[in-house]
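Listed below, chain by chain, are the residues.
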Amino acid sequence: MYLLCGLVGHAHAAGDASGEATRVIDSSGIIRMVKATSQTAQYPCIDKNWKKSVPEIQRLFVSNFTIDELRTLASFFESPLGSKYITAFETQFYNSRHPEQTRPLASLSEAEQNEVKQFYETPTGKKYLNSPAAQAITDATIMIGVKIGVACPRPK
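Starting afresh in each chain, residues are numbered from 1 along the sequence in its written order. Two thresholds apply to this predicted model, a pLDDT of at least 70 for residue-level local features and 80 or more for giving and counting side-chain atom pairs, whereas whole-chain, interface and lining totals are computed over all residues. The side-chain values count all of the structure's non-hydrogen atoms but skip hydrogen atoms and water molecules.

**Things to note about the packing of aromatic side chains**
Here the aromatic set is Phe, Tyr and Trp, taking the six-membered ring for Trp, and pairing holds for ring centres within 6.5 Å; pairs whose planes are under 30 degrees apart are stacked, those over 60 apart are edge-to-face, and all others are tilted. All told, the structure shown has nine aromatic pairs when counted by the stated rule. Between Phe-76 and Phe-77, the ring centres sit 5.3 Å apart and the planes meet at 65 degrees, which makes this aromatic pair edge-to-face. Like Phe-77, Phe-76 is buried. Considering the side-chain rings of Phe-76 and Tyr-120, the 6.2 Å spacing of their centres and the 70 degrees angle between planes classify their relative orientation as edge-to-face. Note that Phe-76 is positioned in helix α4 (residues 67-78) and Tyr-120 in helix α6 (residues 110-120), a separation of 44 residues in sequence. Among the residues examined, Phe-76 registers a relative accessible area of 10% and is labelled buried. Cation placement over rings: the criterion is NZ of Lys or CZ of Arg within 6 Å of the ring centroid and within 35° of the ring normal. Taking NZ or CZ as reference, Lys-127 lies 5.0 Å from the ring centre of Phe-65, over its face. Only protein chains enter the area calculation, which uses a 1.4 Å probe; residues under 20% of their type maximum are buried, those over 50% are exposed, and those in between are partly exposed. Every helix listed is a DSSP run of H or I at least four residues long, and every strand listed is a run of E at least two residues long, numbered separately from the N terminus.

**So, the nonpolar core**
Ranked by size, the top nonpolar core spans 32 residues in total, and within it Trp-50, Phe-61, Phe-65, Phe-76 and Tyr-120 carry the most contacts. For this core, the secondary-structure elements that each account for two or more residues are α1 (2-27), α2 (30-36), α3 (43-64), α4, α5 (80-97), α6 and α8 (132-151). For this analysis, a nonpolar core means a set of buried residues of the types Ala, Val, Leu, Ile, Met, Phe, Trp, Tyr and Cys, connected via side-chain atoms within 4.5 Å.

**Side note on the pattern of salt bridges**
Salt bridges are counted wherever a side-chain nitrogen of Lys or Arg sits within 4 Å of a carboxyl oxygen of Asp or Glu. Summed over all chains, the structure comprises seven salt bridges. Its salt-bridge partner being Arg-23, residue Glu-78 comes within 2.5 Å of it at the nearest N-O pair. With Glu-78 in helix α4 and Arg-23 in helix α1, the pair connects residues that are 55 residues apart, well separated along the chain. Residue Arg-23 is classed as partly exposed on the basis of its relative accessible area of 25%. Linking Glu-90 and Arg-32 is a salt bridge whose minimum nitrogen-to-oxygen distance equals 2.6 Å. With Glu-90 in helix α5 and Arg-32 in helix α2, this pair connects stretches of sequence that are 58 residues apart. Overall, the relative accessible area of 27% leaves Arg-32 in the partly exposed class.

**Considerations on the state of the cysteines**
The disulfide criterion used throughout: a pair of cysteine sulfur atoms within 2.5 Å. Tallied over the entire structure, the rule returns one disulfide. Cys-45 shares a disulfide with Cys-152; S-S distance 2.0 Å. Between Cys-45 and Cys-152, the S-S dihedral sits near -85 degrees, and the bridge is therefore left-handed. With Cys-45 in helix α3 and Cys-152 in the segment after α8, this pair connects stretches of sequence that are 107 residues apart.

Next comes the structure, spelled out in structure tokens:
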């Protein structure tokens, strides 16, 4: 009986971790960055291929971050400051690929920049930014981006 309860509890925790990993993936703007370097006509193809790739990235997050770390990351990226920070990155990506259609860049105030810096100085922020786990996730997302680029060629 105890073994069964333990297994059910572990499965529930894994499910919770997967949900938190999905929150991080959605709020950290990974797919937004891929789209920012693409043309609008490619979006349906990108969405289709991205959807197939999410479980791989989700597994990497779950295997490399605790549920509390995932919650911390998701909460930061879902906050108004985190969202503004991600939007600024997305705009930079977009502008670098579409110089003829540049968008205004959302700039962060000095106080906001300090808040972001403080977040990245926390143990979770450091792990997300600079760890073997972070590198594995970055490498995987780059490879997924390359695969999407091949699967979804630019319209002529």
